[in-house]
Amino acid sequence: LSTGAVRVGNAPGFLGKLTIAGSGTVWDSTSPVLVGSLGQGELSLQGGAIATVGDTTVGDIGGERGTLLIEGVSGVHSSFVLKSPIDGTALPIL
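Below you will find a few notes about this structure. Keep in mind that this is a model prediction, so the values were computed, not measured. (Residues numbered from 1 in each chain as written. Predicted model: local features only at pLDDT ≥ 70, side-chain atom pairs only at ≥ 80, totals over all residues. Heavy atoms only, no water.)

Below, the discussion takes up the sheet that holds strand 8 (residues 65-71). Here we have three strands laid out as an open sheet, ordered 2-5-8, and parallel in their pairing. Two strands in the sheet have a free side with no partner beyond their single neighbour: strand 2 (15-21) and strand 8. Sheet twist, expressed as the mean angle between neighbouring strand axes with direction ignored, is 5°. With seven bridges joining them, strand 5 (residues 40-46) and strand 8 adopt parallel strand pairing. The residue bridging Gly41 from the neighbouring strand is Gly66, located in strand 8. (Pairing = 2+ DSSP bridges. Helix = DSSP H or I, 4+ residues; strand = E, 2+ residues; numbered from the N terminus. Axes fitted to C-alpha atoms, helices over the stretch in contact; angles between N-to-C directions.)

Okay, here's the thing in structure tokens:
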């Protein structure tokens, strides 16, 4: 699967979900990925999938909630940034 920019949960009051799963599943996007930028967004990478994506922002100013689940994947290549929904400052990834 090859995509351009992806926005998951990009409308106030709505929930967007994107799941990339399964051995042999490959997601390739060199464009930005926004999860929970205005509404609630959930991005799940699991079950042997491989993801190569552009800068990924989880949560942002005005966003209700952004969730990122990475479980049992073969590979993930991205720059992840978690942002405070209050003021947009970057949060540490633990």
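Here the narrative resumes.
Right, let's talk about the environment of Gly4 for a bit. As for its placement among the helices and strands, Gly4 is situated in the segment before strand 1 (6-8). Judged by relative accessible area, which is 38%, Gly4 ranks as partly exposed. Taking the C-alpha atoms as reference points, Gly4 and Ser29, separated by 25 residues in sequence, lie 5.7 Å from one another. Contact partners of Gly4, with chain neighbours within four places excluded, come to Ser29 and Ser31. (Buried < 20%, exposed > 50% of the residue type's maximum accessible area, 1.4 Å probe, protein only. Contact = heavy atoms within 4.5 Å.)

Now for the nonpolar core. Nonpolar side chains tend toward joint burial in soluble globular proteins. Judged by nonpolar contacts, Val6, Val8, Ile20, Trp27, Val33, Val35, Leu43, Leu45, Ala49, Ala51, Val53 and Val58 together constitute the single largest core of 12 residues. When contributions to this core are tallied by element, the ones reaching two or more residues are strand 1, strand 4 (33-35), strand 5 and strand 6 (50-53). (Core = buried A, V, L, I, M, F, W, Y, C linked by side-chain atoms within 4.5 Å.)

With respect to the secondary-structure elements, Ser37 resides in the loop between strand 4 and strand 5. With a relative accessible area of 9%, Ser37 lands in the buried category. Engagement of the side chain of Ser37 in a polar contact is seen with the side chain of Asn10, the distance being 2.6 Å. (Polar contact = N/O pair within 3.5 Å; in protein donor to acceptor, adjacent residues only side chain to side chain.)

Turning our attention to the environment of Gly66. Positionally, Gly66 belongs in strand 8. Look at Gly66 and you get partly exposed, because its relative accessible area is 25%. Between the C-alpha atom of Gly66 and that of Gly39, which follows or precedes it by 27 residues, the distance is 8.2 Å. Ignoring sequence-local partners within four residues, the contact set of Gly66 consists of Val35, Gly36, Gly41, Val58 and Gly59.

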